[in-house]
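Commentary on secondary and tertiary structure
Chain by chain, the residues:
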Amino acid sequence: MSVQPLVVLGAGGNSLGILDAVEALNAIRPTYRIEGILDDTPENQGRAILGARVIGKIEEAPRLEGCRFVNGISSIASFRKIPEVIRRSRIPLERFETIVHPRATVASSARVGRGTAILAGSVICPEAVVGNHVIILQNTTVNHHTRVGDFTTLSAGITILGYIEIGANAFIGGGSSLAPMVKVGDGAVVGAGSVVIRDVPAGRVYAGNPAREIASSKHALR
Ligand SMILES: CC(C)(COP(=O)(O)OP(=O)(O)OC[C@H]1O[C@@H](n2cnc3c(N)ncnc32)[C@H](O)[C@@H]1OP(=O)(O)O)[C@@H](O)C(=O)NCCC(=O)NCCS
């Protein structure tokens, strides 16, 4: 197969992990040529991240004929924009790649969607289902029969046990643990280092051990 030109959406901190995964894949077999990054922030235009340049805004995606894409938008400050940004990019789902770091593990019976990135050290266990445009940062485990919805971000170092359902466009903070069979609703947030033992309703922000809804946030989710 020929080397594919690849564009990353979003120039935030987690695009570094995707670029690192691409470099590691290329070291095994030349697979992608990084064409650049698309990002809407004016200050990011022309900036270089690990040698990849920001080549324009999201709406310029349709003119990048022949390129493949992957979602790199995933910070606590930006994750709610992911569905709108992907829609606005007008990139058809089949042009999104699934990027799995060669030192991540995906069970043969697990399913992983398009536009999704699984970074170094993460493990997707048998019968797990991960949706489209999901980012799974480093050293996170998604255990058996767990389902992760589209546009969701799983930060680094999370233990997600079996038979868990995480909805669409949710955000799970770094270092959290989720007990078997809990449900995390669409758009919900779990704070860093939390221990989730009960369901988290859609759109709510839970944190702590055991995780509870947190008092009104003093900052716009950071
Ligand atoms: C949960 C989170 C989004 C809340 O941010 P916020 O809306 O700005 O909330 P605030 O900082 O105003 O905190 C509100 C209250 O919740 C508490 N709180 C916030 N985050 C908490 C956490 N992770 N665990 C326990 N309590 C937490 C605060 O102490 C504060 O309590 P108080 O009102 O008694 O003082 C944020 O703290 C967080 O955990 N972000 C995740 C970051 C992350 O994992 N990034 C991924 C990098 S890989």
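Residues numbered from 1 in each chain as written. Predicted model: local features only at pLDDT ≥ 70, side-chain atom pairs only at ≥ 80, totals over all residues.

Turning our eyes to something else, we now look at the overall build of the chain. Assigned secondary structure in the chain consists of 2 helices and 24 strands. Computed over the C-alpha atoms, the radius of gyration of the chain is 17 Å, within 12% of the 17 Å expected from 2.2 N^0.38 for a compact globule of 222 residues. Within the chain, the fraction of its 222 residues that count as buried is 44%. The long-range fraction of contacts in the chain, counting pairs at least 24 apart against all pairs at least 6 apart in sequence, stands at 31%. (Helix = DSSP H or I, 4+ residues; strand = E, 2+ residues; numbered from the N terminus. Rg over C-alpha atoms; globule rule 2.2 N^0.38 Å. Buried ≥ 20, exposed ≤ 12 C-beta atoms within 10 Å, placed from the backbone. Contact = placed C-beta atoms within 7 Å.)

It is generally the case that most residues other than glycine have a negative phi and that most peptide bonds are trans. Note the cis peptide between asparagine 209 and proline 210, where omega equals -10 degrees. Along the chain, the position of proline 210 falls in the loop between β23 (205–207) and β24 (212–213). The phi dihedral of arginine 90 falls on the positive side, at around 55 degrees, and the residue is not glycine. Of note, arginine 90 is situated in the loop between α2 (82–89) and β6 (99–100). Phi is positive for phenylalanine 151, which is not a glycine, with a value near 65 degrees. If you trace the backbone, phenylalanine 151 turns up in the loop between β14 (147–148) and β15 (153–154). We classify phenylalanine 151 as buried; it has 29 C-beta atoms within 10 Å.

Moving on to helix α1 (residues 14–28). Taking 1.5 Å of rise per residue, 15 residues should cover 21 Å, and α1 covers 22 Å from first to last C-alpha, within 8% of that figure. Within the sequence span of α1, burial applies to Asn14, Ser15, Gly17, Ile18, Leu19, Ala21 and Val22. (Expected span 1.5 Å × (residues − 1).)

Below, the discussion takes up the sheet that holds strand β2 (residues 32–38). In spatial order, the strands read β3-β4-β2-β1-β5; together these 5 strands make up an open sheet with mixed pairing. In the strand order of this sheet, the two ends are held by β3 (48–49) and β5 (68–71), each with one partner. Direction of pairing for strand β1 (residues 4–9) relative to β2: parallel, over a ladder of 6 bridges. Its bridge partner being in β2, leucine 6 is matched across the sheet by isoleucine 34. This element, α1, spans β1, β2, β3, β4 (52–56) and β5 of the sheet and lies at about 170 degrees to β2. (Pairing = 2+ DSSP bridges. Axes fitted to C-alpha atoms, helices over the stretch in contact; angles between N-to-C directions.)

All right, on to the nonpolar core then. Val8, Ile18, Val70, Ala117, Ile118, Ile124 and Val190 are the most contacted members of the largest nonpolar core, which totals 63 residues. Composition of this core by domain shows at least three residues from each of domain 1 (4–95) and domain 2 (98–216). In contact with valine 190, other than residues within four places in its own chain, are Ile172, Gly173, Ser176, Val184, Val196, Val200, Tyr206, Ala207 and Ala211. (Core = buried A, V, L, I, M, F, W, Y, C linked by C-beta atoms within 7 Å. Domains from an automatic or database assignment.)

Right, let's get into the pairing of β1. Taking the sense of rotation as the criterion, the β-α-β connection linking β1, α1 and β2 turns out right-handed. Examined bridge by bridge, β1 and β5 share 4 bridges and lie parallel to one another. Residue pairing across strands places valine 7 opposite phenylalanine 69, the latter belonging to β5. (Right-handed = clockwise from strand over helix to strand, strands pointing away.)

A few words on the sheet that holds strand β20 (residues 183–184). Taken in spatial order, the 5 strands of this open sheet run β8-β11-β14-β17-β20, and their pairing is parallel. Each edge of the sheet is formed by a strand with only one pairing partner; in this case those strands are β8 (111–112) and β20. Pairing of β8 with strand β11 (residues 129–130), which is carried by 2 bridges, proceeds in the parallel orientation. Directly across from arginine 111, in β11, lies its bridge partner valine 129.

With that out of the way, let us pick up the domain arrangement of the chain. Looking at the assigned domains, one finds that the chain contains domain 1 (4–95) and domain 2 (98–216). For domain 1 versus domain 2, the distance between C-alpha centres works out to 22 Å. In this complex, domain 1 contributes 19 residues to the contact, which on the side of domain 2 involves 18 residues. Residue assignment for the side of domain 1 that touches domain 2 shows that the elements contributing at least two residues are α1, β5 and α2. Looking at which element gives the most residues to the side of domain 1 that touches domain 2, the answer is α1, with 8 residues. Partitioning the side of domain 1 that touches domain 2 into residue classes produces 14 nonpolar, 4 polar and 1 charged. (Nonpolar A, V, L, I, M, F, W, Y, C, P; charged D, E, K, R; others polar.)

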